Amino acid sequence: MAALPLPALHASHGGSWMRDGAGRTRPVSKGEAVMSAADTPLLILNAPLIATRLGYPDLSGLDLLELYAFMHPARFVVPTPKGLAHALGLEEPKDDADVPRLLQEAAGALLDICESPHWPEREGAWTALQSLTRMRWPWATLLNPRVARPERAERWLFTRLPEWEESPELPQPRQVTLERGEVLQRLAELTGSDAEQRPTQQAYAAEAAAAFAPRQSSGRPHVLLAQAGTGIGKTLGYLAPASLWSGLSGGTTWVSTYTKALQRQLRKESRRAWPDRRADGSRPVVVRKGRENYLCLLNLEDALQGGFAGRAAILAQLVARWAAYTQDGDMIGGDLPGWLGTLFRQRGITALTDRRGECVYAGCPHYRKCFIERAARASAGADLVIGNHALVMINAARGRDHAARPTRIVFDEGHHVFDAADSTFAAALTGSEAIELRRWVIGPEKASRGRRRGLSARLADVASYDEAGAKAIEAARAAAEALPGDGWMQRLTEGEPSGPIEELLAAVRATVYARDESGGQEAGYGLETEAAGLEGAFAEVTEAAREALGELRQPLVRLGLRLEALLEDGPDWLDGQGRARIEGARQSLSWRVDLLLAWESMLGRLNGPADPEFVDWLALDRSEAREYDVGIHRHWLDPMKPFASVVLEPAHGVVMTSATLRDGESWDKAIARSGAAHIEVAPRLSEHLSPFDYAAQAEVLIVNDIPRGDIPALAGAYARLIESAGGGVLGLFTAIRRLRAVYGRIADRLARAGLPLYAQHVDPIDTGTLVDIFRDDPAASLLGTDALRDGVDVPGESLRLVIMEQVPWPRPTILHRARRLAGGGSSYDDSLIRAKLAQAFGRLIRSRGDRGHFVVLSSAFPSRLLSAFPAGTPVLRISLEEALQRVSWNGSGENSSAGSSSGGSEKPDEAAGTAEAPPSQPPI
C-alpha cells in the first residue's frame, strides 16, 4: 500500500497542518490553509467540521468520508482520524500534526481496495461512478482508472433489491402461563453458563413474566411497573420471559424505547435469544421505526433522475450505493452513517424519506421492494419487534391492521412514556402544519422541485372513472386554497395575510406580541401566551378559520366514502394492486380528516369555556431572532388518559421499566404516569436495586463558588475540570446559549492540551456520531443538552466525569404551569428535577469497573433534591479548587475520600470536604 501523494490538510482548535505530496508536514495559519484549499483540492476528513475550525464555510476538497461511503456503504466508521485508522488497519496518528500523514495513507488504502478482487461492495460501483463523474465529484478522476468496467452490465439498483412476500394471516397467540423455573432456566441460557449469578436479575425476570399471563378481563391488562437500577441486566431480564412466551404461544412481543441508542443495544442483545433468520428465511426480530426514518425508493429514484442538483445529487448517488447493501433501509440511526448527511450541508437525507405522508402505497412502482412495507410485514410474524414509544402509540391509534397492533409491550426507558404520549396526542394548528396539508391536497407550488403530488395526480384514475369522486377532489382542492401558501410567514410580518387561516395566524402573532412581558430579555426565542381573554375580533377570525377548515374536511370525507364504495364494488380493471393503493389513499384521507376535526374542535373551544382536561396556548416560534412558525397548541393536561384508552386498554400485558421510574421512595408519580388508573387497573410494583457500590465508585461534588450567570467563571470551571480529569467529560447544559458561550471560550485552550472538545449545536455533526466520537476517544469531552442526558451508554475510561452547569429547573411554560398547579406545586417541580438528575447521574457508572465524579456547578443546590442520587453515594459541597483536586485524584488513579454524607442525609451546614484524602479511604 502506497500513500496517495496529494497535499493533505488537517485543522483543529489546536492549529492547522498541511503535508505536501513529498511527505513534508508543516503548521500553517488559517489564512494559508483557506487559500491552499481554494486553489487546489486537498485531502481532508469531514469537510464541514474542518470548515468550522477554519471559519471558511465554502471549504471543499477530497473528503475521505465521502470516499469511504462509496467504497464501504453500510459499514460503520467513527469519522475521526483515529476511527478511520482503526477501520483501515493503519497506524493511528500520534497527534494533530500527524493526521495529514494518515489522510494520505488512508486515501491510498481505500483506492487500493478498488483493484482488489475481494472488494465485497464492488457490484454497482462502476455504474454509480459514471454518474458521479458527470457530476464532477472530486474523487471520480482518481477512482476511474482503478474501478474496472464489469464484463456484464450491472443491474439497476431497483432490480437488485429483493421483494417482500405476502404471508397468510396468523392465528392469535396461544394462552400460556410461564412458570418461574422455566423463566429462570431461559435467563440462564441467555446469560451463559459462565455468567455471574445475579439474584436481582432473576427476581426481575420472574416479575416481568407475570405480564405475559392470560388476561382475565377485557380492557384490564396485566401492568407491571419495575424500577430497575443500572447494572442489574434488565434487557435480558425481560427478553427471557418474552422469548419463552413467543416460543410457546406463537405471539409477538413489542419492546419500545425512547432513544435510538437503546434500540441498537436491544438488537445486539436479542441475538442471544433468537437467530438472525429462521429456517424459512424470515427474521424473528425486527426493528420498527416511523415511516420518516426509512429510505423512500420513489424519492430516491426521483433524486437520481434529476430531482436533486449539485452536491445533493452526489449525496443521492452515495445513498443509492448504500441502499443496495443496507439491512433494512433505516436512514436515521440504522446502518447509514449518521455523518453522511452532514457532509452535504443540506436536508438531503430527510428529502429522501417520506416525511410528508405522501406515500401512494401500491401505486408506487417500487411498492413490492419498499423498506417500510417490508418492515411492517416482517413485524407481523416476528417474535420480537423493537420499536419506539411514539410508533407504538401511533400504531395503536391508527394502524392499518388492527390484528397486528401490539398486545404485549415492554416500555423500556419507561420514564419517557409520559413525554411521548404528550407529543403523540397533542394538536397544533400552525403555519407549517397548515401549509403541509395544503401541499398534500393541491400539490407542488410553482417553484418547487421533487415528486410532490396533489390529490388530483395521485387519484387521477379514480377521478376519471368516478364522477362523484372527481367532484370531491376538485372541491377539496378549491377549499385548500384557504390554507397558507408559500411566503405566508413574510406576509404575516408585513401585515398582509391572505385567506382566513393566515388571518388567524396573524391575529395569534399580534396577540402574543401584545401580551409579551419579557422586555426583550428573551429576544430571539419563542414567545407564548394563554388562549384566554381573547377579544371579539379574535373570535371572528377564529370562526372564519373554523368554517374554512370545515369546508375542506367535508369533500375529503365524501372522497373517502367514494373510495370505500370502489373497494366494495369496483370496476373490472381494479386489480389487487389497485385496491391496495386505494386502501392506502383512504387511510391517508382518514388521518387528514382526523387532523381537521382536531383543529376545528380546538378553534371551537377557544371562544367558549375552558376545558379542564386540556391546556391551550398561542405561540410564536423563533430561532436567533428569526420567526419561523406561529400557531395554536392544545395538549392534554394528563396525556396518560388517551394513552390508557388507546394503548393500555386493548393490550394484554404491559411492562414499564426504568432506572428512574419512581420518585424517591414514593410510587405515586410512577403509578400516575402509567395511565393504569384511567382504566381502573392496579399495577404490580417491583423494585430491583443496582448492584454497584456507589459509595466506592462515585462522588457527587456540588461546587458552591461559581456565581450564577457568570459565563467567564462557568467556562473557566469547565476548562479546569476537563483538564483535571484529562478528558472523558460529559458536560450537560440547560440552555444552548450557555453551551455555545462556554464552548467558544475553552475549545482552543483544551485543544492545545491535547483534549479534543465536541459540542451539540456547534459542531456540524449529528448527535449519534458525536457520542460515537466521544466513546472512541478517552481524551475527548462532549458538551450537550437534554438529548445526551438519556440513552448515552459510554462505559469505562471514556466517561469519568459528568458536569451539570446548574440545577435543571423546569422551563416555566404555560403547559408546565398548568401541570404544576394540578400536580402539587413545588413538589411537582422537584420530582421532575430529581428525575433529570438521576438520569444524568446514570450516565456515569455503567459497569462495576467504572469510577467517576458527578459535579453540579450550583452555589445553592437544594438538599431536598439529593435523594435523586443512589443511596450511599458520597455528596460534598465544596469549592472549585477542592473539586479539582478530587477529580485529578480520580484521573491519576490515586485515592479520594468517600467524604461527607450520602445522598439522602446531607445537610447544607455539613458541607465541608477535605483537600487531602486519607490513604485509608476507599478508592474512587
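For the structure, check the block above.
Residues numbered from 1 in each chain as written. Predicted model: local features only at pLDDT ≥ 70, side-chain atom pairs only at ≥ 80, totals over all residues. Heavy atoms only, no water.

1. What to know about the overall build of the protein chain
Across its full length, the protein chain holds 35 helices and 24 strands. A compact globule built from 924 residues should have a C-alpha radius of gyration of about 29 Å, and the protein chain, at 29 Å, falls within 12% of that. Projecting the C-alpha coordinates of the protein chain onto the three principal axes gives extents of approximately 90 × 70 × 65 Å. By residue count, 54% of the 924 residues in the protein chain fall in the buried class. Of the contacts made within the protein chain by residues no fewer than 6 positions apart, 76% connect residues no fewer than 24 positions apart. For the protein chain, the exposed surface amounts to about 38,600 Å²; the carbon and sulfur share of it is 50%. (Helix = DSSP H or I, 4+ residues; strand = E, 2+ residues; numbered from the N terminus. Rg over C-alpha atoms; globule rule 2.2 N^0.38 Å. Buried < 20%, exposed > 50% of the residue type's maximum accessible area, 1.4 Å probe, protein only. Contact = heavy atoms within 4.5 Å. Areas by Shrake-Rupley, 256 points an atom, 1.4 Å probe, with all protein chains shown as cover.)

2. A few points about the packing of helix α6 (residues 125–134) against helix α14 (residues 311–323)
Two numbers describe how α6 lies on α14: the axes approach to 10 Å, and their chain directions differ by 175 degrees. Viewed along their axes, α6 and α14 adopt a mutual orientation that is roughly antiparallel. In this structure, α6 uses A125, A128, S131 and L132 to contact α14, whose residues at the interface are I314, Q317 and R321. For the contact of α6 with α14, the per-class residue count stands at four nonpolar, two polar and one charged. (Axes fitted to C-alpha atoms, helices over the stretch in contact; angles between N-to-C directions. Parallel < 35°, antiparallel > 145°, perpendicular 65-115°, else oblique. Nonpolar A, V, L, I, M, F, W, Y, C, P; charged D, E, K, R; others polar.)

3. Some details on helix α19 (residues 431–442)
Compared with the 16 Å implied by 1.5 Å per residue over 12 residues, the 16 Å span of α19 between its first and last C-alpha is a close match. Across the 12 residues that make up α19, a large majority, nine, are buried. One or two positions beyond α19, positive phi appears at G443, with a value near 110 degrees. (Expected span 1.5 Å × (residues − 1).)

4. Some details on unusual backbone geometry
Of note in this structure, N46 is not a glycine but carries a positive phi near 70 degrees. Along the chain, N46 turns up in the loop between β4 (43–44) and α2 (47–54). A residue is classified by how much of its surface remains accessible, and N46, at 2% relative accessible area, is buried.

5. Focus on the sheet that holds strand β13 (residues 614–623)
The strand order across the open sheet built from four strands is β11-β14-β13-β12, with neighbouring strands paired in antiparallel fashion. Each of the sheet's edge strands pairs with one partner strand only, and the pair in question is β11 (427–430) and β12 (527–530). In this sheet, neighbouring strand axes are inclined to one another by 20 degrees on average, regardless of whether the strands run parallel or antiparallel. By the bridge criterion, four bridges tie β12 to β13 in an arrangement that is antiparallel. Considered in β13, the bridge of T529 is made with L618. (Pairing = 2+ DSSP bridges.)

6. Quick look at the sheet that holds strand β6 (residues 222–228)
Backbone hydrogen bonds hold the strands of a sheet together, and the pairing may be parallel or antiparallel. Taken in spatial order, the seven strands of this open sheet run β8-β9-β7-β10-β15-β6-β16, and their pairing is parallel. Two strands in the sheet have a free side with no partner beyond their single neighbour: β8 (285–287) and β16 (684–688). Pairwise comparison of adjacent strand axes, ignoring direction, gives a mean angle of 20 degrees for this sheet. Sheet topology places β6 next to strand β15 (residues 653–658); six bridges connect them, and they run parallel. Of the residues in β15, the one forming a bridge with A226 is T657. Packed onto the sheet, helix α10 (residues 199–209) meets β6, β15 and β16 and runs at close to 165 degrees relative to β16.

7. As for the environment of A482
Mapped onto the elements of the fold, A482 is located in the loop between α22 (467–479) and α23 (488–493). Residue class for A482 comes out buried when judged on its relative accessible area of 17%. Setting aside residues up to four positions removed in sequence, A482 forms contacts with G499, P500, I501 and A548.

8. Here we look at the packing of aromatic side chains
Taken as a whole and judged by the stated rule, the model has 13 aromatic pairs. Centroid distance F70 to W137: 5.6 Å. Interplanar angle 50 degrees. Geometry classified as tilted. Of the two residues, F70 sits in helix α3 (residues 64–71) while W137 sits in the loop between α6 and α7 (140–143), which places them 67 residues apart along the sequence. One exposure class covers both F70 and W137, and it is buried. An aromatic cluster is defined as three or more aromatic residues linked by ring pairs; in this entry it consists of F692, Y694, F841, F854, F861 and F869. (Phe/Tyr/Trp six-rings, centres within 6.5 Å; stacked < 30°, edge-to-face > 60°.)

9. Notes on the environment of W889
Inspection of the secondary structure assignment puts W889 in helix α35 (residues 880–892). Sequence-wise, W889 and A725 are 164 residues apart; in three dimensions their C-alpha atoms are separated by 8.4 Å.

10. Some details on helix α13 (residues 297–307)
Taken together, the buried positions of α13 are occupied by L297, L298, N299, L300, E301, A303 and G307. In the core, the buried residues of α13 are packed alongside α8 (157–160), α14, α15 (348–351) and α16 (371–380).

11. As for the environment of L603
Structurally, the position occupied by L603 is in helix α26 (residues 576–606). For L603, a relative accessible area of 0% corresponds to the buried category. Note: C-alpha distance between L603 and T542 (61 residues apart in sequence) is 6.3 Å. In this view, L603 contacts L429, L504, T542, A545, R546, L549 and I632; residues no more than four positions away in its chain are not counted.

12. A word on the nonpolar core
In this structure, L64, F70, W139, L143, L295, V319 and L340 are the most contacted members of the largest nonpolar core, which totals 68 residues. Per-element accounting of this core gives the leading share, 10 residues, to α14. Beyond its immediate sequence surroundings of up to four residues, L295 is in contact with L300, V319, W322, A323, G329, M331, L352 and F371. (Core = buried A, V, L, I, M, F, W, Y, C linked by side-chain atoms within 4.5 Å.)

13. Comments concerning the pattern of salt bridges
Where charged atoms from two side chains of opposite charge approach closely, those side chains can pair. A full pass over the atoms with the stated rule returns 47 salt bridges. A salt bridge links R439 to D486, with the shortest nitrogen-to-oxygen separation between them at 2.6 Å. A residue pair is termed long-range when its members are at least 10 positions apart, and R439 in helix α19 and D486 in the loop between α22 and α23 qualify at 47 residues. Judged by its relative accessible area of 38%, D486 falls in the partly exposed class. Residue D616 pairs with R634 through a salt bridge whose shortest N-O separation is 2.7 Å. Separated by 18 residues along the polypeptide, D616 in strand β13 and R634 in strand β14 (residues 626–636) bring together distant segments of the chain. One connected set of salt bridges, linked through shared partners, spans D98, R101 and E105. (Salt bridge = Lys/Arg side-chain N within 4 Å of Asp/Glu carboxyl O.)

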